[in-house]
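Fold and geometry: a report
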Amino acid sequence: MRFRFLLVIATILAAVFGTSAAAFAYSAHTTTNLNVRSGPGAGYARVGTLPAGFRVNVTGCEPGWCRIHGGGVSGWASAGYLERSHVVRPPIIIVRPPHRPPQWQHRPHRPPHHRPPHKPRPGKCKIAPGFPCR
């Protein structure tokens with residue numbers, strides 16, 4: 001019983017702390033040629049340099065420094081040289097089939113329309129010479 005309780009608590013903590021880092025991640029771009037360092041400070045070794053306008057993913061920040069990933073380089077960059085990107089996503093359009101009223105679903109079979117036979121006017125009808133219409 002105690003083991004299950006600890007397992008439930010551990011699962012809840014993992015869910016809370018596991019999603020908080022993912023919720024913080026955002027996209028940004030560099031405002032100048034930016035040195036990427038191995039730690040959060042100018043005293044750490046330079047890992048690489050990213051050009052101005054390069055898109056990176058920011059996964060976390062400390063005062064003045066942010067952890068970034070982009071262009072095959074991972075490390076820390078000065079937060080003052082990163083600008084948050086505003087991604088505009090196109091709307092999702094769902095096309096649904098047209099609605100048909102219930103009476104359209106199961107149409108009863110109707111026989112073809114039949115006209116009544118033609119009734120000629122009296123006195124003016126002849127089928128053939130010598131044969132009057134009835």
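The text that follows walks through the structure, step by step, so that each part is easy to find.

About the cut-offs
- Residues numbered from 1 in each chain as written.
- Predicted model: local features only at pLDDT ≥ 70, side-chain atom pairs only at ≥ 80, totals over all residues.
- Heavy atoms only, no water.
- Helix = DSSP H or I, 4+ residues; strand = E, 2+ residues; numbered from the N terminus.
- Buried < 20%, exposed > 50% of the residue type's maximum accessible area, 1.4 Å probe, protein only.
- Areas by Shrake-Rupley, 256 points an atom, 1.4 Å probe, with all protein chains shown as cover.
- Contact = heavy atoms within 4.5 Å.

Summing up its helical and strand segments, the protein chain has two helices and nine strands in all. Start at the N end of the protein chain and walk to the C end: the helices and strands fall as α-β-β-β-β-β-β-β-α-β-β. The buried share among the 134 residues of the protein chain stands at 19%. Only carbon and sulfur atoms are counted for the fraction: they give 60% of the accessible area of the protein chain, which is about 11800 Å².

We now examine the side chain of Thr-30. Mapped onto the elements, Thr-30 comes out in strand S1 (residues 26-30). With a relative accessible area of 1%, Thr-30 lands in the buried category. Each residue touching Thr-30, except ones within four places of it in the same chain, is listed here: Leu-50, Pro-51, Ala-52, Gly-53, Phe-54, Tyr-81 and Leu-82.

Turning our attention to the environment of Val-47. Looking at the secondary structure, you find Val-47 in strand S3 (residues 46-50). Counting along the chain gives 11 residues from Val-47 to Val-36, while the straight-line C-alpha distance between them is 5.5 Å. Residues within four places of Val-47 in sequence aside, it is in contact with Val-36, Arg-37, Ser-38, Val-73 and Ser-74.

Geometric values such as these leave the question of function open.
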